[in-house]
Each structure stands twice: as C-alpha cells, then as structure tokens.
Amino acid sequence: YNFCVQILNADKPVTAVEQNRDIMDSVTAAEVIWVVDEMVKNIADMQELKTGINKILNLFHKALDNKPDPDLEDKSFLFYLRANNAEMDNRLKNLKPFIRQINKEEITKSLRNVIREQFVEILQFETHYIIKENLLFPMLEKYWPDYRCVKVMWSFHDDIRRNLKEIIKLLESEIADLDDFNELVGLIFFNMYAIKFREEKILFPQIIKTIPTNELNKLLLESIDMQWPFVKPILTSKEIVMESTVNAPNEINLETGVMFPEQIKLVFNHLPVDITYVDENNKVRYYSSPKKRIFPRSNAIIGRDVANCHPPESVHVVEKIVEAFKNGSKDKASFWINMKNETILIQYFAVRDNNGVYKGVVEVSQEISEIKSLKGEKRLLDWE
C-alpha cells in the first residue's frame, strides 16, 4: 500500500516504480483487492479514487496478465460471466472497423445507423453488470473483509452505462464534433475492457479460493430470471423446483386476519409495485417479486446493509432519508423518474410500531404512466 501511495503522490513516479519493481512483478489478486480496499477507506472522492486505481492497476497489469486464467467449472456462475465477457469482446472488435471508417470517410446517416445498432446491442451487456451488482457483490461482502473494491467497480459500471446511452443518443443525429465522439468511444472501450480484465484476473481467482462452490451455484440459480446478455444459462424446471421447494409453515395471525406464509407471499407478489423492507438496523429483510419488476432484486441482498445496495454516487441520499426517518423529522420521501418510456414513482415510508418506535423503512416503486393518463371516472366493467 505504501508503494501505491508513493505512486499517487510522488513527483517522480518513475523512481518509485524502479525501486519497487519486485512488488510489481509478484503482485497477486488478493493483494490488489486488499490495496484497493485500503484506497477506498482513505480516498473519499470517487473520481479521484477511480483515477488512482486505474493508475495503480496499469502498473500491475503485466504481472496479473501473466498469471494463468483460473479453471472455472463448466456451466457455472463464473463460467457464464466469462462467456459473456468473451461475447462482449467480440462485439467491440466487430465495431472497430466502423469506428475507423467514420474517421476516414464521409459521415453518412447509414453509417451512423450501423454503428448505433451495434452500440444498442452492446448495451445489452448492462445486464451482466446488474447480475454482478445484485448477486455477486453481496456474496463478496459476505465473505471478504476487504470487499470495498466492489463499490468502485459499481461506479465504473455506471460510467459505462451512461456513456453507452450517451453515444447511442449522439448517433441519432448529425455528429457535430468528431473529437467528442472519439473521446466517448475511447472511454467505453477502455472501461469495458478494464472491467473485463479485473473480473477475470483479480476477482475470479480470489472468488475460487474463498467462496464455496455451493454458494456460487446458488447465484447461478438466482440469476436465471435476470436476463443474461449474450450467453444464457439453461436450468431445467426440475432443478428449479428442487431448489425452491420448502415445507408449508403454520398460519400467521395478522390481527386483521389469519393467513399462511404462502398466501402472504402471493398477495405481496401480485401487487403492481416493487416492495423492499429494510429493518431498523439498516439490513434488507424482504423484497417482493411481482410479475413485472421495475428494479432487479435477488435473495443475495437479504441481510445486506442498505448502503451497499446503491451506487456510491447516490448512497448519501438513501442515508439522509434513513437518518430523517430514525430521528422522526420525516416519514416519507418521494421521487419520480423517466425510464424506458415509463414514469416510475419511488417512495420511501418510515415504518414505526404502535408506540412510534422506528422499525425500518419500506421502499415502494410503481410504474404510473397509466395512472397519470386517467381522466374523469370509470364506473362500469368494460372487458369487452
């Protein structure tokens, strides 16, 4: 870690590199994870942190790249992550000739459309990052004391998502500045390849050493409904039923009625909203599974600290809401956003017992486009 601090702060980093060549040549994945964890603890600004990590990992790149790729179990969770990385790599390589063409020839609408369509296809890779954020990252938090590298990786995911959407929008009209276009392309290529390398050369080797196979198998099962981008795992219905079957528990008195847990689950899952409950200790305790989810969730978030369930750039908003609910100054917070041509209402409600004691927060998200369009009254059933 001291070497990394020297590199980030030294006036003559070349000297520091020459004096620590043995460290650079022998660094391991576990050591990199620990170093990044220390950097996260000591550097508050996310952009400064990401810049510093890029600089450090560039020095360690050769040593890590020379290490053999870990053996992954066929058709395992990590196998599918790597397979989708390979497909992402193919698509970026297929795009390169068109990028060169647009820099050498007249920028026609047809050429812009070809490049745009390829970037739209690459945007599907966003689900690869969603699977990592909602399944893999919670697992790493559970098993690794030095898990904080996932916070930085999540921020890089968001950079990639934002840049892909920006370049798709840019290609829908005339390109006014080719330099801006090339800069954006460069950022996309650099970050997507950097994250691929860090997954396969840093995360995967350490995951195999530290996380039990049966836990990774659970991640694969939970990922089935999360739409892998290019290479999709296939599980038989028999395998899914065997994993998910539980014994029927006893009925529960809800004061205003008595229901079996299975009935309670069905009722919550048939509401046209996403519901997530975080207890008074800031731990995620429950989420509903409606037919149409707005935001991805998985069992991996159960027991996870709510602060770790949000990107680094927005987690302060969640913390502010929770603090206001805890001290009693607020009971509700509402937001609404436009996403995929839909209007999403996101509301947070303080949960309190009969004595007003804070017991957590429930998040409710709902697609409200149809509700916004309602006018007048409708009193008759008109299914026909």
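### Here's the deal with the overall build of the protein
Item 1. Check the secondary structure of the protein and you find 15 helices and 7 strands.
Item 2. Seen through its C-alpha atoms, the protein measures out along the principal axes to roughly 70 × 50 × 50 Å.
Item 3. Buried positions account for 43% of the 384 residues belonging to the protein.
Item 4. Excluding contacts between residues fewer than 6 apart, the proportion of contacts in the protein whose partners are at least 24 apart in sequence is 64%.
Item 5. Entry remark: accessible area of the protein is about 22,500 Å², with carbon and sulfur atoms responsible for 52%.
Item 6. Across the protein, the centroid of the 51 positively charged side chains sits 1 Å from that of the 59 negatively charged ones.

### Brief notes about unusual backbone geometry
Item 1. In this structure, lysine 75 takes a positive phi of about 60° despite not being glycine.
Item 2. Within the chain, asparagine 341 stands out as a residue other than glycine whose phi angle is a positive 65°.
Item 3. Mapped onto the elements, asparagine 341 comes out in the loop between strand 5 (332-339) and strand 6 (342-352).
Item 4. Using a relative accessible area of 83% as the deciding quantity, one classes asparagine 341 as exposed.

### Let's talk about the packing of helix 8 (residues 126-143) against helix 10 (residues 178-210)
Item 1. Relative orientation of the contacting elements helix 8 and helix 10 amounts to 35°, with a least axis distance of 13 Å. For helix 8 against helix 10, the interelement crossing comes out left-handed. Across the interface between the two elements, His128, Tyr129, Lys132, Leu136, Leu140 and Tyr143 of helix 8 pack against Met192, Ile195, Glu199, Leu203, Ile207 and Thr210 of helix 10.
Item 2. Of the residues that constitute the contact of helix 8 with helix 10, the class distribution is 8 nonpolar, 2 polar and 2 charged.

### Points about the pairing of strand 4 (residues 284-287)
Two faces make up the sheet, and in a regular strand the side chains alternate between them.
Item 1. Where strand 3 (residues 274-279) meets strand 4, 3 bridges bridge the pair, whose relative direction is antiparallel. Of the residues in strand 4, the one forming a bridge with threonine 276 is tyrosine 287.
Item 2. Between strand 3 and strand 4, which follow one another and run antiparallel, lie 4 residues, and asparagine 282 among them has a positive phi close to 70°.

### Digging into the nonpolar core
Item 1. Counting residues in hydrophobic clusters, the biggest one holds 80 residues, and the most contacted among them are Phe60, Phe77, Phe119, Trp144, Ile167, Met192 and Ile207.
Item 2. A total of 12 residues in this core trace back to one element, the largest contributor, which is helix 10.
Item 3. In this structure, Tyr287, Val306, Ala333 and Ile346 belong to the second largest nonpolar core, which totals 18 residues.

### Quick word on the layout of surface pockets
Item 1. Considered as a void within the structure, the second largest pocket measures approximately 320 Å³ in volume.
Item 2. Residue lining of the second largest pocket: 14 residues in total, with His61, Tyr193, Ala194, Phe197 and Arg198 positioned closest to the centre.
Item 3. Among the secondary structure elements, those contributing two or more residues to the lining of the second largest pocket are helix 5 (46-66) and helix 10.
Item 4. Among the elements that line the lining of the second largest pocket, the one with the most residues is helix 10, at 8 residues.
Item 5. Looking at side-chain class alone, the lining of the second largest pocket contains 5 nonpolar, 3 polar and 6 charged residues.

### Describing the pattern of salt bridges
Item 1. For the structure on display, the rule yields 29 salt bridges.
Item 2. A salt bridge links glutamate 215 to lysine 218; the shortest N-O distance between them is 3.8 Å. In this pair, glutamate 215 and lysine 218 both sit in helix 11 (residues 213-223), 3 residues apart, roughly one turn of the helix.
Item 3. Between lysine 378 and aspartate 382 there is a salt bridge; the shortest N-O distance is 2.9 Å.
Item 4. For lysine 378, a relative accessible area of 63% translates into the label exposed.
Item 5. Overall, the relative accessible area of 48% leaves aspartate 382 in the partly exposed class.

### Points about the pairing of strand 3
Item 1. The element strand 3 is extensively covered by neighbouring structure, given that 5 of its 6 residues are classed as buried.
Item 2. Sheet analysis places strand 3 next to strand 7 (residues 358-367), joined by 6 bridges and oriented antiparallel. In the sheet register, aspartate 274 faces strand 7, and the bridge partner there is serine 365.

### Let's talk about the sheet that holds strand 3
Item 1. With respect to topology, 5 strands assemble into an open sheet ordered 4-3-7-6-5, the strand pairing being antiparallel. Among the strands making up the open sheet, the edge pair consists of strand 4 and strand 5. Each strand of the sheet is rotated relative to its neighbour by a mean of 15°, with strand direction disregarded.

### Focus: the environment of arginine 379
Item 1. With respect to the helices and strands, arginine 379 occurs in the segment after helix 15 (369-373).
Item 2. Polar contacts involving the side chain of arginine 379 include one to the side chain of glutamate 377, which spans 2.8 Å.

### Quick word on the confidence of the model for the protein
Item 1. Within the protein, residue pLDDT values average 90, and 95% of them lie at 70 or more.
Item 2. Here residues 240-248 scores under 50 on pLDDT; set against residues more than four positions off or in separate chains, the count is 3 contacts.

### Quick notes on the side chain of aspartate 159
Item 1. Topologically, aspartate 159 is positioned in helix 9 (residues 149-170).
Item 2. Exposure remark for aspartate 159: the relative accessible area of 10% places this residue in the buried category.
Item 3. Setting aside residues no more than four positions away along its own chain, aspartate 159 makes contact with Lys50 and Asn191.

Scoring rules and cut-offs
Residues numbered from 1 in each chain as written. Predicted model: local features only at pLDDT ≥ 70, side-chain atom pairs only at ≥ 80, totals over all residues. Heavy atoms only, no water. Helix = DSSP H or I, 4+ residues; strand = E, 2+ residues; numbered from the N terminus. Buried < 20%, exposed > 50% of the residue type's maximum accessible area, 1.4 Å probe, protein only. Contact = heavy atoms within 4.5 Å. Areas by Shrake-Rupley, 256 points an atom, 1.4 Å probe, with all protein chains shown as cover. Lys, Arg positive; Asp, Glu negative; His and termini not counted. Charge placed at Lys NZ, Arg CZ, Asp CG, Glu CD. Axes fitted to C-alpha atoms, helices over the stretch in contact; angles between N-to-C directions. Left-handed = near helix turned anticlockwise from the far one by under 90°. Nonpolar A, V, L, I, M, F, W, Y, C, P; charged D, E, K, R; others polar. Pairing = 2+ DSSP bridges. Core = buried A, V, L, I, M, F, W, Y, C linked by side-chain atoms within 4.5 Å. 1 Å grid on protein atoms, 1.4 Å probe; cavity = no way out; pocket = protein on both sides within 12 Å on 5 of 7 lines; lining within 4 Å. Points joined across faces, edges and corners; volume = space filled by probe spheres on them. Salt bridge = Lys/Arg side-chain N within 4 Å of Asp/Glu carboxyl O. Polar contact = N/O pair within 3.5 Å; in protein donor to acceptor, adjacent residues only side chain to side chain. pLDDT = per-residue confidence, 0-100.

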